[in-house]
Amino acid sequence: MSSLLQNIDKERLPRHIAIIMDGNGRWAKEQGQDRLYGHYHGVESVRDIVEGCAELNIGYLTLYAFSTENWDRPEYEVVGLMELLVSTIRKEVESLHKNNIKLHVIGDLNMLPEYARQELKEALDITKDNTGLNLVMALSYSGRWELLNAVKSIANEVKANRLAVEEIDQTVLQRYLATSDFPDPELMIRTSGEYRISNFLLYQLAYAELYFTQVRWPDFRKENLYEAILDYQNRERRFGKTSDQLA
Ligand code: IPE
Ligand code: IPE
Ligand code: MG
């Protein structure tokens, strides 16, 4: 067993880990390859990290795979990413199912091409009764899209007299988020040396521990995940209180 893994305190694992998988394009460029080559290799990291989280009994893993803003990339890259998404899901769904992993998707799926929506729907259906790791794919997702949607839905409920303004609290708001079924992430990892949130889980990350690494996503493996978890376990999460209060 790896020494990093041995040092992880299994009693104090994050329940939910969220990852901004970044750096595929630069990784490819560095090898004189096309950006799509980086995305293809990024799939191997996804496989490894999903397996690593399942082995650790992590409850939820959210992967930022495609943002609302990513639709503005050159068409060939967008099309390449969609095809990669569909072929990966087709290839992996059996293995996800065998490993008791339940797939979820958050994001504006109306934006996706019909063939991608169909493939996703099948995968969601196949894995819907699984009770192991919850794998949440953020696809065509952005935090502002999500918050706007929540505001509109709540406004409609109020207008239809199904909800009173006085009843709106954090619990109610949470019910209207795309992540209503999931706890907030305790740990957010971003690869490739960028230090920003890029419209990811804006509301849910309020108290997440943030971990940034220079490692590009296609190079990110279980050992890197263990490093992030160990770093997380060395933090003091104060939630506004003082250190003394925690003791
Ligand atoms: C992350 O890698 C994958 C997606 C955003 C789909 P990038 O494609 O952003 O790679 P860089 O940041 O340009 O290196
Ligand atoms: C964020 O990465 C989105 C995903 C990883 C899917 P980007 O590479 O799109 O973010 P920016 O544009 O550098 O902030
Ligand atoms: Mg990027």
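(A) Region of interest: the pattern of salt bridges. The full count for this structure, using the stated rule, is 21 salt bridges. Across the pair Arg 47 and Glu 92 runs a salt bridge whose closest N-O atoms are separated by 2.9 Å. With a gap of 45 residues between them, Arg 47 in helix α3 (residues 35–55) and Glu 92 in helix α4 (residues 75–98) connect regions that are remote in the sequence. The class of Arg 47 is partly exposed, set by a relative accessible area of 39%. Residue classification places Glu 92 among the buried positions, given a relative accessible area of 17%. Among the ionic pairs, Glu 119 bridges to Arg 90, the shortest N-O distance being 2.8 Å. Highlighted residues: Glu 119 in helix α5 (residues 114–126) and Arg 90 in helix α4, separated in sequence by 29 residues.

(B) The packing of α4 against α5, seen in detail. The contact between α4 and α5 brings their axes to 10 Å, and the two run at 15°. One finds that α4 runs roughly parallel with respect to α5. Crossing angle aside, the handedness with which α4 passes α5 is left-handed. For the pair α4 and α5, the contacting residues are Met 82, Glu 83, Val 86, Ile 89, Arg 90, Val 93 and His 97 in the first and Tyr 115, Ala 116, Glu 119, Leu 120, Ala 123 and Ile 126 in the second.

(C) Summary view of the packing of aromatic side chains. Applying the stated criterion to the full structure yields ten aromatic pairs. For the ring pair Tyr 60 and Phe 182, a centre distance of 5.9 Å and an interplane angle of 55° mean the geometry is tilted. Taken together, the residues span a long stretch of sequence, with Tyr 60 in strand β2 (residues 60–67) and Phe 182 in the loop between α7 (170–175) and β5 (187–190) at a distance of 122 residues. For the pair shown, Tyr 60 and Phe 182 are each scored as buried. Judged by centre distance (5.1 Å) and plane angle (55°), the ring pair of Tyr 195 and Phe 212 falls under tilted. Placement of Tyr 195 in the loop between β5 and β6 (209–212) and of Phe 212 in strand β6 is noted, with a sequence separation of 17 residues between them. For Tyr 195, a relative accessible area of 55% translates into the label exposed. Through a chain of ring-to-ring contacts, the aromatic side chains of Tyr 64, Tyr 141, Trp 145 and Phe 200 assemble into a single cluster.

(D) Focus on the packing of α3 against helix α8 (residues 222–233). Between α3 and α8, the shortest axis-to-axis distance is 9 Å and the interhelical angle comes to 50°. Judged by the inter-axis angle, α3 sits oblique to α8. When the axes of α3 and α8 are compared, the crossing they make is right-handed. Residues Asp 48, Ile 49, Glu 51, Gly 52, Cys 53 and Glu 55 of α3 touch α8, and the partners they reach there are Lys 222, Leu 225 and Tyr 226. Considering only residue class, the contact of α3 with α8 consists of four nonpolar, one polar and four charged.

(E) Focus on unusual backbone geometry. With a phi close to 65°, Asn 57 is a non-glycine residue in the positive phi region. Here Asn 57 lies in the loop between α3 and β2. What makes Asn 57 exposed here is its relative accessible area of 68%. With a phi angle near 50°, Ser 198 is a residue other than glycine that sits in the positive phi range. Given the relative accessible area of 31%, Ser 198 is considered partly exposed.

(F) Representation of α3. The end-to-end C-alpha distance of α3 is 31 Å, a good match for the 30 Å that 21 residues give at a rise of 1.5 Å each. Among all positions of α3, only Leu 36, Gly 38, His 39, Gly 42, Val 43, Ser 45, Asp 48, Ile 49, Val 50, Gly 52 and Cys 53 are buried. Sitting at the head of α3, Asp 34 places a side-chain oxygen 3.0 Å from the backbone nitrogen of Leu 36. Immediately downstream of α3, the backbone of Asn 57 shows phi near 65°, a positive value.

Rules used throughout
- Residue numbering note: each chain is counted from 1, following its sequence as written.
- Chains and ligands are labelled by the order in which they are written, letters from A for the one and numbers from 1 for the other.
- Owing to the predicted nature of the model, reporting of local features is limited to residues with pLDDT of at least 70; listing and counting of side-chain atom pairs is limited to 80 or more, with chain, interface and lining totals taken over all residues.
- Where side-chain values are given, they derive from all heavy atoms of the structure, hydrogens and water being excluded.
- For this document, the term salt bridge refers to a Lys or Arg side-chain nitrogen within 4 Å of an Asp or Glu carboxyl oxygen.
- Each helix is a run of H or I in the DSSP string that is no shorter than four residues. Each strand is a run of E no shorter than two, and both are numbered from the N terminus.
- Three labels apply to residues, based on accessible area from a 1.4 Å probe with only protein chains included: buried if under 20% of the type maximum, exposed if over 50%, partly exposed otherwise in between.
- To get an axis, a line is fitted to the C-alpha atoms, and for a helix only the part in contact is used. The angle between two axes follows their N-to-C directions and goes from 0 to 180 degrees.
- Under this scheme an angle from 65 to 115 degrees is roughly perpendicular, one under 35 degrees roughly parallel, and one over 145 degrees roughly antiparallel; angles in between are oblique.
- A clockwise turn of the near helix away from the far one marks a right-handed crossing, whereas an anticlockwise turn of less than a right angle marks a left-handed crossing.
- When checking whether two residues touch, look at their non-hydrogen atoms; a contact exists if any pair is within 4.5 Å.
- In this scheme Phe, Tyr and Trp rings, the latter by its six-membered ring, pair at centre separations within 6.5 Å, and the angle between planes marks the pair as stacked below 30 degrees, edge-to-face above 60, and tilted otherwise.
- Gly falls in the polar group here, along with every residue not listed as nonpolar (Ala, Val, Leu, Ile, Met, Phe, Trp, Tyr, Cys, Pro) or charged (Asp, Glu, Lys, Arg).
- Expected helix span is computed as 1.5 Å times (number of residues minus one).
- Here a polar contact means two N or O atoms within 3.5 Å. Within protein one must be a hydrogen donor candidate and the other an acceptor candidate, and residues neighboring in sequence count only if both atoms are side-chain atoms.

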